[in-house]
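Observations on chain architecture
Below, each chain spelled out in residue letters.
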Amino acid sequence: MQTTVFEAKAVKFGTYACGKAHGSAAAATVLVRAEDADTDYSVFSLSYDIENASDELTKDWKPTINVAVSGAAGQISNHLLFMLASGEVYGKDQPINLKMLGSTGSYEALQGVAMELEDSLYPLLRSVDIGINAEEIFEDADWALLIGAKPRGPGMERSDLLEMNGSIFSAQGKALDKVAKKDVKVMVVGNPCNTNALICQKNAPSLDPKNFHALTRLDENRAKSQLALKAGVFYTEVSNVAIWGNHSTTQVPDYVNAKIGGAPAVDLIDDLEWCQETMTPLVATRGGALIKKWGRSSAASTAVSIADAIRALVVPTAEGDCFSTAVITDGNPYSDNIPEGIVFSMPATSTGDGNYEICENFVIDEWLEKKIAASVEELSKEKDCVKHLFGEYGGACDVDSSEDTSLPGDVQDEL
């Protein structure tokens, strides 16, 4: 391998850089130390020229996509990044460039993650870039997975949390608007994720509002698991399970439209009291129960649910099934119950092209209507608290006087 001068691409902090060598007779990957770095932060940039891979390996590959991940040194990302790199999420024919966003405090940890990814020998992983500047990491992103957020501290009011994380997602929305691809798909995981997704979308006016999602797939997975256990079947028999509303304790796991073995779930379970009074709080408090059992938050299952949520958009939905995702409500088919202008979890289907359609045939009975109304009220109050972050004014911030509906045990990857 011939070693020559490494040219860092759009990177201003650096001690280490790893990438394609320039000026060599043949393409090579080299590791050099930048002794004259003008900051204390490291840049670890790994790249592998796909043109140098064997034709047999790459002949069926799709064009490489750029996947940006914030909070990339956190617990959730520590599980998710390796799933992304392995091809488990986007497919075994989809090469990716991973672009990982961290902070000054997490930078060395990001280097360690990059090294582990390098050591894992994933053929589909074509490059790894880390940084603390959102515009650099989000440049030309096809997907942006916004996992990082600030956790709620002791004595912190909900309005303080909304304001603090709102400022973060406002800035990230502006960065995406400026440098990401115009059809970028954005998935917000950092809580409160519904309202953070709204803030992010409103600060990215040139991007399609439909392409912003807040993660409620973990709630769906938990609901499917409980329905399967109650019915005494394997979870693959459970379908058409939707989560309505906010990713909070006001969420609504929908047993009304759920199916088991293709038949209505209520016909097999035949226990409305359990569906209404047991399953719903059980799903909402699952994270807290997990912490009591082994002292850790649900980072792994959250990562799996992110992978599931992405696959739901890149793999066609099975006939008669749906998936849950929190998206902008403008033009939704349930306008009698769900107003426009908020990010609300609803059932959807996809043809596998990254886009989705909201299911129109779900029955909203009296119980669902009441529960959905409570989640609408909560999200409307949250929106009133953050309107100023996207240029709207009016309305009072009234969340601190309300019951705390944050999900117990929700893991939060810090920036």
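Parameters and conventions
- Residues numbered from 1 in each chain as written.
- Predicted model: local features only at pLDDT ≥ 70, side-chain atom pairs only at ≥ 80, totals over all residues.
- Heavy atoms only, no water.
- pLDDT = per-residue confidence, 0-100.
- Contact = heavy atoms within 4.5 Å.
- Phe/Tyr/Trp six-rings, centres within 6.5 Å; stacked < 30°, edge-to-face > 60°.
- Helix = DSSP H or I, 4+ residues; strand = E, 2+ residues; numbered from the N terminus.
- Buried < 20%, exposed > 50% of the residue type's maximum accessible area, 1.4 Å probe, protein only.
- Disulfide = S-S within 2.5 Å.
- Pairing = 2+ DSSP bridges.

1. As for the confidence of the model for the protein
Residues of the protein with pLDDT of at least 70 account for 83%, and the chain-wide mean is 86. In this model residues 1-44 is a low-confidence stretch, pLDDT under 50, and it forms 96 contacts with partners more than four residues away in sequence or in other chains.

2. A closer look at the packing of aromatic side chains
Counted under the stated rule, the structure contains five aromatic pairs. Ring centres of tyrosine 90 and tryptophan 143 lie 5.3 Å apart, and the angle between their planes is 65°; this geometry places the pair in the edge-to-face category. With a gap of 53 residues between them, tyrosine 90 in the loop between α2 (75-86) and β5 (96-101) and tryptophan 143 in strand β7 (residues 143-146) connect regions that are remote in the sequence. Neither residue differs from the other here; tyrosine 90 and tryptophan 143 are each classed as buried.

3. What to know about the state of the cysteines
For the coordinates displayed, the defined rule picks out one disulfide. Between the sulfur of cysteine 385 and that of cysteine 397 lies a disulfide, 1.9 Å long from S to S. Taking the sign of the torsion about the S-S bond as the criterion, the disulfide between cysteine 385 and cysteine 397, at about 90°, is right-handed. Taken together, the residues cysteine 385 in helix α12 (residues 366-386) and cysteine 397 in the segment after α12 connect sequence positions twelve residues apart. Judged by relative accessible area, which is 8%, cysteine 385 ranks as buried. Classification of cysteine 397 by relative accessible area gives partly exposed; the value is 42%. For the unlinked cysteine cysteine 322, the closest cysteine sulfur is that of cysteine 359, found at 5.0 Å.

4. Quick notes on the side chain of serine 170
Residue position: serine 170 is located in helix α5 (residues 158-179). Take serine 170: its relative accessible area is 7%, and that puts it in the buried class. Contact partners of serine 170, with chain neighbours within four places excluded, come to Ile199, Asn203 and Leu389.

5. Overview of the sheet that holds strand β10 (residues 238-239)
Within a beta sheet, neighbouring strands are joined by backbone hydrogen bonds and run either parallel or antiparallel to one another. Taken in spatial order, the three strands make up an open sheet running β10-β13-β14, and their pairing is antiparallel. Edge positions in the sheet fall to β10 and β14 (263-264), since each of these pairs with one other strand and no more. Pairing geometry for β10 and strand β13 (residues 259-260), over two bridges, is antiparallel. Looking at the pairing, valine 238 lines up with isoleucine 260 of β13.

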